[in-house]
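# Summary of the model geometry
Residues per chain, in single letters:
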Amino acid sequence: MFGARPPVFTFIRLYSTTAEKPPLKLVAELRKLTEVSITKAREALAASNNDVSTALEWLQNDLAVSGTKKATKVSHRAAGEGLISASVLSRGTGSPGGHGSVRAALVELNCETDFVARNALFGRLVADVAHTAAFLAEPGPSCQLERTYMHPVPRELLLDAPLLAAEGPAGLSPAVGAGAASQGTVGSAIRDAIAKLGENIVLRRAVTIAHEPVPRGRRDLGLRVASYTHGGMLPTQGRIGTLALIALKSPRLTALLGTLDFREELERVERSLARQIVGFDTPVIRGQENALYNQPFMMFGDALEGETVQAGLARWARQKQLILDTDGTDTCGLEVVELVKWNLGEMPDSA
């Protein structure tokens, strides 16, 4: 009697509005570039429509915000651990490349625990900061062996400087992510590290050496820098560190530096001096009982029994013909003219 009625309701397919999870391949790529957590990488990709470049920008902005908040939150906490890092861009007269300039820096970056101090991210950050300080150091005038060469770097000045990578692609810093632009400063990189590592991180101090090559008319003069750090996982980082400036003076200096044997011997003496400074209580070069020149030269394999550093350097200079009896009294041979030695966590004014 009654025909079949059409259904009163029609079925409507409902689609989920939940966004698909970012592909694991993109998550892995983003984490490799930035070292962020899986959750944060997914969040960045989801907010960037799975575009890695956009996700990097998103992470940089997120780090800036979260880093500032975290830095404020932990700023009152003591930071007595960390690393001292040395960066030597040019060792001076006779160094590879032939330019002969001196450019180096020593930096101390503190954190709260030894656990973070041994973290690879923290190690790269302190290396980048030391490299930045050395690169931006202002050279002094032409060689004058009476002037001071080492200069403390104002913390505010270094914190505001653009961070330069110690290694990796030009203009990119592994400490803030290999895909991040070098627009960030040392201060912003430290805030980013605070956000990632969760500890208070403080730039305690920095010192630089920078000097132009010795003028061509003074081929009898030379300047070299020696460095050494101890107690770290890398050769250029540790809990104790030093930079030492060494002056050379001899009428035969250019000829001697032209031979590989002399350069290798000179580098050996420089390493021995830097290790001596770090291994002993060495506040000054001369003038005190525990001064460098009064110490037995224990770190030099060729030193005679009981021979002091001063006597050992003088004997070495004569053996290598930096000094000859016919030179007169004006030839100094090899002399340590300035040094700085730091112990991790000490007050800067006691360095």
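Predicted model only: the values in this text are computed from it and were never measured.

Here is what the cut-offs are and how they apply
- Residues numbered from 1 in each chain as written.
- Predicted model: local features only at pLDDT ≥ 70, side-chain atom pairs only at ≥ 80, totals over all residues.
- Heavy atoms only, no water.
- Helix = DSSP H or I, 4+ residues; strand = E, 2+ residues; numbered from the N terminus.
- Contact = heavy atoms within 4.5 Å.
- Areas by Shrake-Rupley, 256 points an atom, 1.4 Å probe, with all protein chains shown as cover.
- Buried < 20%, exposed > 50% of the residue type's maximum accessible area, 1.4 Å probe, protein only.
- Pairing = 2+ DSSP bridges.
- Salt bridge = Lys/Arg side-chain N within 4 Å of Asp/Glu carboxyl O.
- Arc of directions from axis to C-beta.
- Core = buried A, V, L, I, M, F, W, Y, C linked by side-chain atoms within 4.5 Å.
- 1 Å grid on protein atoms, 1.4 Å probe; cavity = no way out; pocket = protein on both sides within 12 Å on 5 of 7 lines; lining within 4 Å.
- Points joined across faces, edges and corners; volume = space filled by probe spheres on them.
- Nonpolar A, V, L, I, M, F, W, Y, C, P; charged D, E, K, R; others polar.
- Patch = residues over 30% accessible without salt bridge, like charges linked within 9 Å, V, L, I, M, F, W, Y side chains within 5 Å.
- Polar contact = N/O pair within 3.5 Å; in protein donor to acceptor, adjacent residues only side chain to side chain.
- pLDDT = per-residue confidence, 0-100.
- Axes fitted to C-alpha atoms, helices over the stretch in contact; angles between N-to-C directions.
- Parallel < 35°, antiparallel > 145°, perpendicular 65-115°, else oblique.
- Left-handed = near helix turned anticlockwise from the far one by under 90°.

## Here's the deal with the overall build of the chain
A tally of regular secondary structure across the chain gives ten helices and seven strands. Sequence separation of 24 or more characterises 69% of the internal contacts of the chain that already satisfy a separation of 6 or more. Carbon together with sulfur atoms contributes 55% to the accessible area of the chain, which is approximately 18800 Å² in total.

## Things to note about the pairing of strand β7 (residues 333-343)
Most of β7 sits out of view: eight of its eleven residues are buried. Bridge count for strand β6 (residues 237-249) against β7 is ten bridges, and the pairing is antiparallel. Bridged to I246 within β7 is V336.

## What to know about the pattern of salt bridges
Per the stated rule, a full pass over the model turns up 14 salt bridges. With a closest N to O distance of 3.2 Å, D220 and R218 form a salt bridge. One salt-bridge network, in which partners are shared between bridges, spans E108, R204, R205 and E346.

## So, helix α10 (residues 309-319)
Among the residues of α10, V309, G312, L313, W316 and A317 are the ones counted as buried. End-on view of α10: buried residues confined to an arc of 135°, all on one side of the axis. In the core, the buried residues of α10 are packed alongside α9 (260-279) and β7. Phi turns positive, to about 65°, at Q321, one or two residues after α10.

## As for helix α1 (residues 24-34)
Buried residues of α1: L26, V27, L30 and T34, and no others. Taken down its axis, α1 places every buried residue within 100° of arc, on the same side. Of the residues in α1, the exposed ones pointing more than 90 degrees away from the buried face are L24, K25 and K32. Of the residues trailing α1, E35 is marked for its positive phi of about 65°.

## Regarding the nonpolar core
Within the largest apolar cluster, 27 residues are counted, with the highest numbers of intra-cluster contacts made by L273, L313, W316, L322, L334 and V336. Listed by contribution, the elements that provide at least two residues to this core are β6, α8 (253-257), α9, α10 and β7.

## Details of the layout of surface pockets
Taken as a whole, the largest pocket encloses approximately 550 Å³ of empty space. In terms of lining residues, the largest pocket is bounded by 32 residues, among which S85, A127, L234, T236 and Q237 are the most central. Of all the secondary-structure elements, those providing two or more residues to the lining of the largest pocket are β1 (81-91), α4 (114-117), α5 (120-136), β5 (221-231) and β6. A per-class count over the lining of the largest pocket returns 13 nonpolar, twelve polar and seven charged.

## A look at a nonpolar patch on the surface
Taken together, the side chains of L89, F135 and L136 make up a nonpolar region of the molecular surface, amounting to roughly 260 Å² of accessible area. With respect to the helices, strands and loops of the structure, L89 is situated in strand β1. Judged by its relative accessible area of 36%, L89 is partly exposed.

## Some details on the side chain of R224
Mapped onto the fold, R224 is located in strand β5. From its side chain, R224 meets the backbone oxygen of T93 in a polar contact 3.0 Å long. Residue contacts for R224: discarding those within four places in its chain leaves R91, G92, T93, G94, S95, A244, L245, I246, L248, L266, E267 and E270.

## Let's talk about unusual backbone geometry
Not every positive phi belongs to a glycine, and N50 is a case in point at roughly 60°. Mapped onto the secondary structure, N50 falls in the loop between α2 (38-47) and α3 (52-74).

## Description of the confidence of the model for the chain
On average, the chain scores 84 in pLDDT, and the residues at 70 or more come to 82%. Counting interchain partners and residues more than four positions distant, the pLDDT-below-50 stretch residues 8-18 has zero contacts. The low-confidence segment residues 169-181 (pLDDT under 50) makes 32 contacts with residues lying over four places distant or belonging to another chain.

## Here's the deal with the packing of α1 against α2
The N-to-C vectors of α1 and α2 enclose an angle of 110°; their axes lie 9 Å apart at closest approach. As the angle between them shows, α1 and α2 are arranged roughly perpendicular. Seen along the crossing, α1 lies across α2 with a hand that is right-handed. Across from L24, L26, V27, L30 and R31 in α1, the residues of α2 making contact are I38, A41, R42, A44 and L45. Partitioning the contact of α1 with α2 into residue classes produces eight nonpolar, no polar and two charged.

## Things to note about the pairing of β5
By the criterion of burial, β5 is predominantly enclosed, with eight of the eleven residues buried. Judged from the eleven bridges that link them, β5 and β6 form a sheet pairing that is antiparallel. Across the sheet, the residue bridging to A226 is A244, located in β6. In this antiparallel pair of consecutive strands, β5 and β6, the connection spans five residues.

## Regarding the packing of α5 against helix α7 (residues 186-197)
It is at 11 Å that the axes of α5 and α7 come closest, and there the two elements cross at 175°. Comparing the axis directions of α5 and α7 gives the class roughly antiparallel. Between α5, through L121, F122, L125, V129 and T132, and α7, the contact on the second element is made entirely by V186, A189, I190, A193, K196 and L197. The class makeup of the residues in the contact of α5 with α7 is nine nonpolar, one polar and one charged.

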